[in-house]
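Structural description and commentary
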Amino acid sequence: MAEQRASEDLPAKPELDSQLREIETATSAEDADFKRREARVVAKLDLYICPIIVMLQLVSFLDRGNIGYAATQGMITDLNLVGTQLNSAISLFYPLYILSEFPAALIVKRVGFNRVIPAAAACWGLACLGNGFAKDFGDLTACRMLMGMFEGFLMPSLTLMLANWYKRDEIGLRISYLFIAVAVSSAFGGLIAFGILFMDGKAGYPGWRWLYIIEGAATVVIAGLCYFLIPSSYTKAYFLNEDDRAVMRKRAELTEAYSGGQGHYTRAEFMMAIKDVKTWLHAFIQIMCLTVIYGFSVFLPIILRFGFNFSVEQSQYLSIPVFLWGSIVYAICGYLSDRYSRRFIACILCAPLGMVGYSMLLGGNHLSVGVKYFACFLVATCVWMMGGANIAWLSTNSAPDGKRAASLGIALALGNLGGIISGQIYPQTMAPSYTLGHAWSLGAICISFSLWWVIRHIYYSREALKDRIREGTAPEPEQFSDRAPSYKYQH
């Protein structure tokens, strides 16, 4: 059956080679005209699709990360949290989040992005709003676990939605938008938290409760809008005309010819992801990356408040420039990575700055608060670039569609184990030095840095094998995948 399907789905090799040459070059007048029309369509996608995914990612991380700001505004005292209960509440967001990510990656394309994404957003928005009425640790934990279960649908859905609309050489920059939104959400979180301080006591509620209520209600409203704004497919997209749809149809045909898939996932494609060592290496690195991202984005306000001894107001607004800097750096690096199709260098250049930053934070009491605050900017230069570049590297080097979906599902699901870890490495009992958290994050960056070199070696080795296949000195794989000689890795 697999052989029959392969013969039906894949074009003959001469036809495939012709299509691949069409992707890479535009020498004829017809090709030049198509490139012009295609550029117009991509601009429309950037105008109508990207703002939706950025907004959803932004509110997602606002809702999960606001617990750090709430903790500095009195939530710990009001809910009578003791010991490591705050850390437990942070960590317990992720078990159901992880369990929901992988099935989300497998079903979202079949059920429909326009259905799954708005429904999930509305549900986690209601759970976030519920945090504003929590009375104790149990209420807080229950709401965060529900938030995690529904937010787990978002990241794989958005990543696959991008792969559904964009070509592989375009997707890296757009995935970078998701991680830029994470950094921007942290900055906005500080701004919103600072503004909501002035609502403290309104209607008898402390400011931290208003933080949850307002952000949760906003998410529900955005979810309702997304039901109408997310198209079910390019054939029904309200912002595309007939000529645009013809261009999208051509792009889909070329992408299917290259990636060997049409959205019909099979067990064989799933097993390709399971058996490919690069899936597990990228997934392990993603655990390291997300440990650092979640630890830094959630606990920075707490570190500024209880580690650097800033006031509540200062800990809110001083976090804003750090997170903004991280988003700017990632935006620039994501663009350059896509522009030159270089994934490895984007990963490898940022890591040493993070190592220096965490080393400075571990420097002890002899370093001034100003120096340690500067170290936070060095860390911000690194953290979002790491996670975004790693997942973009895996996505652009996985085919066919089923293998890509499974690989991303595994990497994103396992990666969020980093969320569980990050919630435990900054206990309040270790304030003001927070040695465990900084040391763990430093080690995670070092491990990622080392494994990226291993992955680079794997990709170059596989390209060398493909050269031997073309020369006829090595057998060609029976099934099409990224291991096929016609598929070129980006590294």
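Since the model is a prediction, treat every value here as computed from it, not as a measurement.

Conventions and cut-offs
Residues numbered from 1 in each chain as written. Predicted model: local features only at pLDDT ≥ 70, side-chain atom pairs only at ≥ 80, totals over all residues. Heavy atoms only, no water. Helix = DSSP H or I, 4+ residues; strand = E, 2+ residues; numbered from the N terminus. Contact = heavy atoms within 4.5 Å. Expected span 1.5 Å × (residues − 1). Buried < 20%, exposed > 50% of the residue type's maximum accessible area, 1.4 Å probe, protein only. Patch = residues over 30% accessible without salt bridge, like charges linked within 9 Å, V, L, I, M, F, W, Y side chains within 5 Å. Areas by Shrake-Rupley, 256 points an atom, 1.4 Å probe, with all protein chains shown as cover. Salt bridge = Lys/Arg side-chain N within 4 Å of Asp/Glu carboxyl O. Core = buried A, V, L, I, M, F, W, Y, C linked by side-chain atoms within 4.5 Å. Axes fitted to C-alpha atoms, helices over the stretch in contact; angles between N-to-C directions. Parallel < 35°, antiparallel > 145°, perpendicular 65-115°, else oblique. Left-handed = near helix turned anticlockwise from the far one by under 90°. Disulfide = S-S within 2.5 Å. pLDDT = per-residue confidence, 0-100.

Another point: the side chain of E463. Residue placement: E463 occurs in helix α22 (residues 435-471). Among all residues touching E463, those that are not within four sequence positions of it are R470, Y487, K488, Y489 and H491.

Helix length check: helix α17 (residues 319-340) (22 residues) gives 32 Å between terminal C-alpha atoms against 32 Å at 1.5 Å per residue, within 8%. Residues of α17 that are buried include every one of S319, I320, V322, F323, G326, S327, V329, Y330, G334, S337 and D338, and no others. Count one or two residues on from α17 and you reach S341, which has phi positive near 50°.

Taken together, L47, Y48, V221, L225, L229 and Y238 make up a surface patch of nonpolar side chains, about 580 Å² in accessible area. At the level of secondary structure, the elements contributing two or more residues to the nonpolar patch comprise α3 (29-48) and α12 (207-229). When residues in the nonpolar patch are grouped by element, the largest group, 3 residues, is from α12. Along the chain, L47 falls in helix α3.

Here the focus is the nonpolar core. Membership of the largest hydrophobic core comes to 146 residues, with the highest contact counts inside it found for L56, M75, W165, F296 and W452. The contacts of L56, once residues within four sequence positions are left out, are I117, A121, W124, L154, L158, I222, C226 and I230.

Another aspect to go through is the packing of helix α18 (residues 344-361) against α22. In the contact formed by α18 and α22, the axes pass within 9 Å of each other and the chain directions differ by 160°. The orientation of α18 relative to α22 falls into the category roughly antiparallel. Here α18 runs over α22; the crossing is left-handed. Of the residues in α22, those in contact with F344, C347, I348, A351, P352, G354, M355, Y358, S359 and L361 of α18 are H438, S441, L442, I445, C446, F449, W452, W453 and R456.

Our focus in this paragraph is the environment of E38. Among the structural elements, E38 can be located in helix α3. Relative accessible area serves as the criterion here: at 5%, E38 is assigned to the buried category. Distance in space between the C-alpha atoms of E38 and Y48 is 15 Å, their sequence separation being 10 residues. With sequence-adjacent residues up to four places away left out, E38 is seen in contact with K167, V247 and R251.

Attention shifts here to the state of the cysteines. Each disulfide consists of a covalent bond between the sulfur atoms of two cysteine residues. Going through the model one piece at a time under the given rule, you end up with 0 disulfides. Lacking any disulfide linkage, C143 is separated from the closest cysteine sulfur, that of C128, by 8.8 Å. Given a relative accessible area of 14%, C143 falls into the buried group. Note on C350: no disulfide assigned, nearest cysteine sulfur contributed by C382 at a separation of 4.7 Å. Owing to a relative accessible area of 6%, C350 belongs among the buried residues under this scheme.

This paragraph deals with the confidence of the model for the protein. Per-residue confidence for the protein gives a mean pLDDT of 86, with 91% of residues at or over 70. Model confidence for the protein, summarised as mean pLDDT per element, is weakest for helix α1 (residues 2-9) at 41 and strongest for helix α9 (residues 137-151) at 96.

The next subject is the environment of A346. Considering the arrangement of structural elements, one finds A346 in helix α18. Classification of A346 by relative accessible area gives buried; the value is 11%. In this structure the C-alpha to C-alpha distance between A346 and L336, which are 10 residues apart in sequence, comes to 8.4 Å. Look past the residues within four positions of A346 in its chain and what remains in contact with it is S337, M385 and A389.

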